[in-house]
Amino acid sequence: MVIFIDSILLPQEMDDYFKGVDSNAFMNSALEYENPKAPFDKLARAGANDADKERPFVSPRLWSIFFIIQGMYGRSALLLGNSFKDRRLKHWRDDHGCDQLLRSVLPAHAVDHAKGLSFNGLRTAIDMLESQFLTEAGMNSRRDVFALGGVRHGDN
């Protein structure tokens, strides 16, 4: 849901909703995030708590990328929940934690590209992380270069 909202609405439209300036049916679909436990419950239902069982069987880099993807989903959902509490948008683009997570795997220009998109930046960032994950797992046909959102780069 967090990615869906980021894919459709501009940050100003989200901020207007949280400030009560404008009502928005799309934002109403995220009301479940008013509950501070919602991000943790969603990650648990997705199997995040069981993933540790697989750690001995994957490379450290693959595990790190998985951890970053999980962190981005969790952190962006937590920020959405905090936006309800604070009555103003807490955007992933402005969050130092999200920035650190992304830059630990992706090149700076790719992170800057995703953060610079008016909308759909979170989906772009997650897509690039997932591509890195698949490459590290040996599931991408081209290891040397991938392209997403007009950004091309090689392995880190």
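**Q** I keep staring at the environment of L101 and nothing clicks. Help me out?
**A** Its place among the elements puts L101 in helix α6 (residues 96-103). Accessibility expressed as a relative area gives 16% for L101, which makes it buried. As a C-alpha pair, L101 and I68 span 33 residues in sequence and 5.8 Å in three-dimensional space. When near neighbours in sequence (up to four residues on either side) are disregarded, L101 contacts I68, G71 and M72.

**Q** I keep staring at the packing of aromatic side chains and nothing clicks. Help me out?
**A** For the structure shown, the criterion picks out five aromatic pairs. Seen from their ring centres, Y17 and F84 are 6.3 Å apart, and the 90 degrees between their planes marks the pair as edge-to-face. Separated by 67 residues along the polypeptide, Y17 in helix α2 (residues 11-18) and F84 in helix α5 (residues 60-86) bring together distant segments of the chain. Owing to a relative accessible area of 14%, Y17 belongs among the buried residues under this scheme. When the ring of F18 is compared with that of F84, the centres are 4.9 Å apart and the planes differ by 90 degrees; the resulting orientation is edge-to-face. Taken together, the positions of F18 in helix α2 and F84 in helix α5 put the pair 66 residues apart, joining distant regions of the chain. Among the residues examined, F84 registers a relative accessible area of 12% and is labelled buried.

**Q** Could you clarify how one ought to interpret the packing of α5 against helix α8 (residues 121-136) in this entry?
**A** Contact geometry of α5 with α8 gives a least axis separation of 9 Å together with a crossing angle of 160 degrees. Comparing their axes, α8 and α5 come out roughly antiparallel. Taken as a pair, α5 and α8 cross one another with a handedness that is left-handed. Residues R61, L62, I65, F66, I68, I69, M72, Y73 and S76 of α5 form the contact with α8, whose participating residues are L122, R123, I126, L129, E130, Q132, F133 and E136.

**Q** Teacher, can you tell me more about the confidence of the model for the chain here?
**A** Close inspection of predicted coordinates is inappropriate in any region flagged by low pLDDT. Model confidence for the chain is summarised by a mean pLDDT of 87, while 90% of its residues fall at 70 or above. Scored below 50 in pLDDT, residues 143-156 shows 35 contacts in the model against residues more than four places distant or in partner chains.

Rules of the game
- Residues numbered from 1 in each chain as written.
- Predicted model: local features only at pLDDT ≥ 70, side-chain atom pairs only at ≥ 80, totals over all residues.
- Heavy atoms only, no water.
- Helix = DSSP H or I, 4+ residues; strand = E, 2+ residues; numbered from the N terminus.
- Buried < 20%, exposed > 50% of the residue type's maximum accessible area, 1.4 Å probe, protein only.
- Contact = heavy atoms within 4.5 Å.
- Phe/Tyr/Trp six-rings, centres within 6.5 Å; stacked < 30°, edge-to-face > 60°.
- Axes fitted to C-alpha atoms, helices over the stretch in contact; angles between N-to-C directions.
- Parallel < 35°, antiparallel > 145°, perpendicular 65-115°, else oblique.
- Left-handed = near helix turned anticlockwise from the far one by under 90°.
- pLDDT = per-residue confidence, 0-100.

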